[in-house]
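Close look at the chain arrangement
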Amino acid sequence: MTDAPPFKITRDGAVAHLRLARPDVSNALDMRFWRGLGPALKELDAAGDVRALVLSGEGRNFCAGMDISVFTGGAIMDTDTAAQRQAFHQAARELQDALSMLERVRFPVIAAIQGACVGAGLDMIAACDLRLASTDTYFRIEEINIGMMADVGSLQRLPLLLPEGVVRELAYLGTSLKADRAERLGFVNAVLPDAEALLAAALEMAHAIAAKAPLAISGSKAAITYARDHTVADGLEWAAVMQGSIWNTADILGAIQARATKSTPEFADLQPLPKP
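Residues numbered from 1 in each chain as written. Predicted model: local features only at pLDDT ≥ 70, side-chain atom pairs only at ≥ 80, totals over all residues. Heavy atoms only, no water.

**Digging into the environment of P193**
We count it as follows: Comment: elements are numbered from the N terminus, with helices defined as DSSP H or I runs of at least four residues and strands as E runs of at least two.
Within the element layout of this structure, P193 appears in the loop between β9 (190–192) and α8 (195–210). Linking P193 and R106, residues 87 residues apart in sequence, is a C-alpha distance of 30 Å.

**Section: the sheet that holds strand β6 (residues 130–134)**
Condition: We call two strands paired when DSSP finds no fewer than two bridges between them. Convention adopted: a line fitted to C-alpha atoms gives each axis, helices being fitted over their contacting stretch, and angles between N-to-C directions are expressed from 0 to 180 degrees.
Ordered by their spatial adjacency, six strands build an open sheet running β1-β2-β3-β4-β6-β9, and the pairing between neighbours is mixed. At either end of the open sheet lies a strand with only one pairing partner, and these are β1 (7–12) and β9. Across the sheet, the axes of successive neighbouring strands diverge by a mean angle of 20°, strand direction being ignored. Here β6 pairs with β9 via three bridges, running parallel. Looking at the pairing, A133 lines up with V191 of β9.

**A word on the packing of helix α1 (residues 31–47) against helix α3 (residues 82–104)**
Using the following cut-off: Each angle is binned into one of four classes, with values under 35 degrees roughly parallel, values over 145 roughly antiparallel, values of 65 to 115 roughly perpendicular, and all other values oblique. The hand of a helix crossing depends on one turn: near helix anticlockwise from the far one by less than a right angle means left-handed, and clockwise means right-handed. We call two residues in contact when some of their heavy atoms are within 4.5 Å. Polar here means any residue outside two lists: the nonpolar Ala, Val, Leu, Ile, Met, Phe, Trp, Tyr, Cys and Pro, and the charged Asp, Glu, Lys and Arg; Gly therefore counts as polar.
Between α1 and α3, the shortest axis-to-axis distance is 9 Å and the interhelical angle comes to 25°. With respect to each other, α1 and α3 are oriented roughly parallel. Judged by the sense of rotation from one axis to the other, the crossing of α1 with α3 is left-handed. Here F33, W34, L37, G38, L41, K42 and D45 of α1 lie close against α3, whose contacting residues are L95, A98, L99, M101, L102 and R104. By residue class, the composition of the contact of α1 with α3 is nine nonpolar, one polar and three charged.

Set out below in structure tokens:
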């Protein structure tokens, strides 16, 4: 087995597309994925010229969750001793951090979801900014069905995206949330008829975002994420400081002039991040 991450990244101008590429196993997430996702996202963010990312999965299902090899190949550690429990805790944090990078990058991430999105797949899309689904999509906290608690994001992010009673239903019963109900509850932004229409809609949305001022989009993403975890008063103070740091007269005047002349505005990319 190659050590290359089991996903593909392509670019169309300012829009990047990350495709999970193990359709034969419904894009189950093996250790190559967990090791590769964070660095890949950091690299896209560091360039400064990515303005939106679409996250999709090849094949019939978006993601079947954690690959069985993670449980059987020695990646899951024993917890008999204090030292082993400490190591387990650190390993869990590293998995969490990989998905949290979807929140930390400066550009919005749009999940295009078809078929099954269960277990760690649900953890992953809960960290995305926007979610689109096809009519055959279903979501499930699969961990409870195999005797464990979900621990890489679903139980922390879903209560902020769905009614608490629905999250408890999924977490305790291990039942499926279908696309139509997920849309009614506001978890997904739209439901499309099939995978082809789904991906087209996600890419169209990404290009529309990419046409906006990158600093304003990046600031909006950061402000929404900050507000989620803080009081309104804290969020307002944070927004005032952030606005002062990213205020860009050139972007604002350019957008106003483009609107007046019915033309397409042009905005500078984000500043590339320094290499560590």
